[in-house]
Amino acid sequence: MDIVLSLQNIAKSYGPVRALNGVSFDVPPGSVFGILGPNGSGKTTLLGIVMDVLKPNSGDFRWFGQPGSPAQRRKIGSLLETPNFYTYLSAVDNLKITQAISGRGTAADIDAVLKKVNLYDRRRYRFSSYSLGMKQRLAIAAALLGNPKVLVLDEPTNGLDPVGIAEIRQLIIELRDQGHTIIMASHLLDEVEKVCTHVAILKTGNLLTMGNVEEVLMDEDIVEMGTADIQALASFFRNEGHNVAVDEKANTLQVIFARGTARLDDINRHCFENGIVLNHLLLKKKRLEARFFELTNN
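In short, a report on the structure. (Residues numbered from 1 in each chain as written. Predicted model: local features only at pLDDT ≥ 70, side-chain atom pairs only at ≥ 80, totals over all residues. Heavy atoms only, no water.)

So, the environment of Glu81
Locating Glu81 in the fold gives a position in the loop between strand E5 (76-79) and helix H3 (91-102). In the structure, Glu81 is positioned 73 residues away from Asp154 in sequence and 7.1 Å away in space, judged by C-alpha atoms. (Helix = DSSP H or I, 4+ residues; strand = E, 2+ residues; numbered from the N terminus.)

A short note on the packing of aromatic side chains
Per the counting criterion, the structure on display carries seven aromatic pairs. On the basis of an interplanar angle of 50° and a centroid distance of 6.2 Å, the ring pair of Phe127 and Tyr130 is categorised as tilted. Take Phe127 and Tyr130: they sit in the same class, and that class is buried. Aromatic side chains Phe236 and Phe237 sit 5.2 Å apart centroid to centroid with 75° between the ring planes, which places their arrangement in the edge-to-face category. An identical accessibility class is assigned to Phe236 and Phe237; each is buried. Through a chain of ring-to-ring contacts, the aromatic side chains of Phe85, Phe127 and Tyr130 assemble into a single cluster. Lying over the aromatic face of Phe64, Lys149 brings its terminal NZ or CZ to 5.5 Å of the ring centre. (Phe/Tyr/Trp six-rings, centres within 6.5 Å; stacked < 30°, edge-to-face > 60°. Buried < 20%, exposed > 50% of the residue type's maximum accessible area, 1.4 Å probe, protein only. Lys NZ or Arg CZ within 6 Å of the ring centre and 35° of its normal.)

Focus on empty space enclosed by the protein
A full pass over the atoms with the stated rule returns one cavity of 30 Å³ or more. As for the largest cavity, its lining consists of Thr157, Ile168, Arg169, Ile172, Met184, Glu191 and Val195. Counting only elements with at least two residues in the lining of the largest cavity, the list comes to helix H6 (162-177) and helix H7 (189-195). In terms of residues, the lining of the largest cavity owes the most to one element, H6, which gives three residues. The residue makeup of the lining of the largest cavity, split by class, is four nonpolar, one polar and two charged. (1 Å grid on protein atoms, 1.4 Å probe; cavity = no way out; pocket = protein on both sides within 12 Å on 5 of 7 lines; lining within 4 Å. Points joined across faces, edges and corners; volume = space filled by probe spheres on them. Nonpolar A, V, L, I, M, F, W, Y, C, P; charged D, E, K, R; others polar.)

Now the structure itself:
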């Protein structure tokens, strides 16, 4: 499988401040790759480096197996900051200006990108009449000029209301389904969990973990159980050395097992043989939010 973007030991300092400390990972094609981290973790610096806005102090990155170049750059659309659209112009006229300045794509591409971001029916409306979500979709349309294979987005839902966030989320899913690879930095963990296939988590310039979202979340097995006497069930598993959390309102219990060791049939049989009849048994996936805070608060 070809790699869209490969980073090898990227380091960047601003004077005494180490913004990135030997970050390495690969972005596979067709993925939505989320780069997560608290403020100051190095997300924006990393995107700036791979888009040739900033130069690393050391390390190397390659797009499609090749060093960065104008030819490679044309395969990548980016939204690193909000474009300066003219409020009194329509979407079409704003994109004509963007196309003329950037040299990416042709005038004929404008209708195509407006259709991709679901703004074609409003293409003649002034930018000032757009909602926040529509303005952000127009910014992504500008990044799509020239039909790049890859989109690099820095906080694409920042400042949006819930409706705008939902619009951008759906658009990212649609663009992925149309064959684009999307690399996005974000701090909205719930949104990332809904759209991303892969994730890298940064803290103070260090890469804490990366990989397929399912693999990152399933660092341990969480089994949810229910029975008539939930406290007796909790005592049973505590006595066996497991970490246990009781939800008295839901009358359920969560028990932590080492990753890949929770076999529901075996757990059910083990409980029954010890006089406990389960009425609920489920292998749960950890929320990205929980995994994120485990990693970044250590």
